[in-house]
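# Coordinate analysis (summary)
So you can see what is in the structure, the chains are spelled out below.
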Amino acid sequence: MAKKPLGKDKFGVQKVMRGGDYFADSLGQFALNSMSGLVGQLTYFYTDKAGMAAGAVATVLLICKIIDAFTDIIMGNIVDHTAPGKEKYRPWILKMAVPAAVIIILLFTVPTGAPDPVKLLYMFVTNVLLTAIIYTAIAIPYGSLMVVRTNSQQERGTMGIWRAGAGYVSGMIIAIAVIPITNMMGGGQGAWIKFGIGFSVLVLLSLLLCYVRSKECAVESGSEPVPVQEDQEEAVPFGQAVSNLFHNKYWVIVLIMGVMSNISYGISGGSGAYYCKWIYGDDNLVGILGAVGMIPTLLGFILVGPMIKKLGVTKTLKVSFFIGGVATAIRLINPADFWFNTILGCFASFANIPMMCLMGVMTAMSIDYNEYKFGKRMVGISNAASGFGGKIGSGLGASIVGWCLGIAGYEATAAVASTAVRQAIFTFGIYIPLALFVIMFVLTLQFDLEAKLPAMKEEIASRK
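What this report covers is the structure whose coordinates are included nearby. (Residues numbered from 1 in each chain as written. Predicted model: local features only at pLDDT ≥ 70, side-chain atom pairs only at ≥ 80, totals over all residues. Heavy atoms only, no water.)

Turning to the overall build of the protein, a few remarks are in order. Summing up its helical and strand segments, the protein has 16 helices and zero strands in all. In summary, the protein has a C-alpha radius of gyration of 22 Å against a globular reference of 23 Å for 464 residues, a match within 12%. By principal-axis analysis of the C-alpha atoms, the protein measures approximately 70 × 50 × 45 Å. Buried residues in the protein amount to 56% of all 464 residues. In the protein, 82% of the contacts between residues at least 6 apart in sequence involve partners at least 24 apart. Working note: accessible area of the protein is about 18,600 Å², and carbon and sulfur atoms make up 69% of it. (Helix = DSSP H or I, 4+ residues; strand = E, 2+ residues; numbered from the N terminus. Rg over C-alpha atoms; globule rule 2.2 N^0.38 Å. Buried < 20%, exposed > 50% of the residue type's maximum accessible area, 1.4 Å probe, protein only. Contact = heavy atoms within 4.5 Å. Areas by Shrake-Rupley, 256 points an atom, 1.4 Å probe, with all protein chains shown as cover.)

Here it is as structure tokens:
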């Protein structure tokens with residue numbers, strides 16, 4: 001039976017994607033967030049399971065992220081300088097699938113009986129291999145696929161929702177399951193290795209399925225390709241490309257928001273176990289915390305589409321950041337009560353969903369503005385430089401947890417948390433996330449590109 005032809009979106013742009021396309025594309029984000037989610041749990045693993053000092057762990061993780069961020073720029077340059085006529089993006093997903101699965105397992109095989117310098121070196125090498133090389137070689141091409149897969153902003157928005165949903169599912173599985181499951185298997189290093197093996201298989205399968213269904217032109221199965229503006233663009237020299245990006249105020253706004261949001265995600269990924277263990281008294285509560293957090297998450301993914309349709313991209317973000325900031329501020333009233341903070345945390349979880357869905361869409365808009373302002377879209381380097389900010393942000397987020405604990409004199413074997421440790425946990429659990437919501441709300445007030453973009457595209461078309 002022939003498929004029903006796809007129509008055009010509300011702006012008159014031909015649609016090319018069906019449900020299966022969105023699902024397969026989203027599996028790439030599932031794999032990427034599985035890798036980053038496991039990395040987010042490493043601070044707890046290194047300090048409480050491998051016996052490493054919190055401050056040293058935080059510093060090494062930040063160094064890894066800085067290296068990681070610079071490899072984003074290199075990868076973007078490689079992608080943009082791919083020879084004409086060859087696929088730029090899709091092949092990297094296949095090339096990195098098996099290495100990603102292998103290195104995930106190696107993350108948890110720290111030689112715990114070795115001297116501290118050896119353990120830190122092992123930690124450094126495995127983290128650099130995963131995040132700076134393998135993750136980057138997947139993430140930059142994968143992020144660029146959104147721009148060349150469809151010309152429709154509406155379909156790009158839907159892709160963003162699917163990607164964010166798949167990524168959040170992997171993150172929530174890790175948040176809910178890693179502590180309870182590893183504790184049930186004995187709680188030691190062996191349990192964490194087994195958990196890593198399970199996720200490595202999921203990552204491998206997800207990347208392979210994403211590769212099979214992905215395309216590098218706007219095309220529906222059985223149809224002729226719809227031309228994509230960027231496809232045969234002549235590469236811009238690296239230095240000029242970077243200079244152009246920093247003269248695009250909208251890309252700079254997206255960059256800063258990416259840093260802020262990834263600091264928030266990094267803190268969230270690394271702080272839950274500490275908050276539950278030392279403030280609530282039981283690290284197994286991480287599972288309950290994550291399970292309850294699924295409710296606002298699901299609501300967020302259900303409502304973000306209608307919110308975008310009603311309010312647009314920018315106003316949706318303004319509303320979500322306002323909700324998150326208010327809810328986080330109220331937590332200051334009683335930061336040690338489990339249910340009080342869990343319920344308010346649901347509002348903050350809801351507030352983070354639109355940003356997860358729309359970061360790629362905002363980046364795509366800033367790339368369209370590149371063409372209006374400079375005559376070149378610079379897809380690969382734009383996504384890479386945005387990734388640079390994101391990596392720095394997530395590295396800072398994870399390191400902030402370790403630094404706060406290190407300054408407070410954290411001892412994993414202590415019977416109870418000292419006053420300094422409790423304040424450190426409140427700092428990265430409440431104070432910093434509140435400040436981030438405020439900063440991101442202010443930044444959205446400056447992002448007025450959405451309303452201007454249709455007229456800009458008309459002018460671009462008239463130039464051509």
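From this point, the narrative continues.
For the rest of this paragraph, the subject is the pattern of salt bridges. By the definition in use, this model includes seven salt bridges. D116 is the partner of K119 in a salt bridge, and the nearest nitrogen-oxygen pair spans 3.5 Å. Here K119 and its partner D116 are both found in helix 6 (residues 116-149), three residues apart, which amounts to about one turn of the helix. With relative accessibility at 45%, the residue D116 sits in the partly exposed group. Residue D368 is joined to R156 by a salt bridge in which the shortest nitrogen-to-oxygen separation is 3.5 Å. Note that D368 is positioned in helix 13 (residues 338-374) and R156 in helix 7 (residues 153-184), a separation of 212 residues in sequence. (Salt bridge = Lys/Arg side-chain N within 4 Å of Asp/Glu carboxyl O.)

It is worth spelling out the environment of I105 at this point. Here I105 shows up in helix 5 (residues 97-106). Residue classification places I105 among the partly exposed positions, given a relative accessible area of 24%. Along the primary structure I105 and P180 are separated by 75 residues, whereas in three dimensions their C-alpha atoms are 19 Å apart. When sequence neighbours within four positions are dropped, the list of residues in contact with I105 reads I193, G196, I197 and S200.

M257, L405 and F428 are the most contacted members of the largest nonpolar core, which totals 118 residues. Examining the composition of this core, we find that 15 residues originate from one element, helix 10 (residues 249-280), more than from any other. In this view, M257 contacts L317, F321, M355, M359, M362, M440, L443 and T444; residues no more than four positions away in its chain are not counted. Core analysis: the next-biggest nonpolar cluster, separate from the first, contains eight residues, V236, A241, L255 and M378 among them. (Core = buried A, V, L, I, M, F, W, Y, C linked by side-chain atoms within 4.5 Å.)

Next up on the list: helix 6. Taking 1.5 Å as the rise per residue, helix 6 with 34 residues should run 50 Å; its terminal C-alpha atoms sit 47 Å apart, in good agreement. When the local axis directions of helix 6 are compared, the greatest deviation, roughly 45 degrees, occurs at T136. When you tally the buried positions in helix 6, you get 24 out of 34 residues, the bulk of the element. (Expected span 1.5 Å × (residues − 1). Bend = angle between axes of the 7 residues up to and from the residue.)

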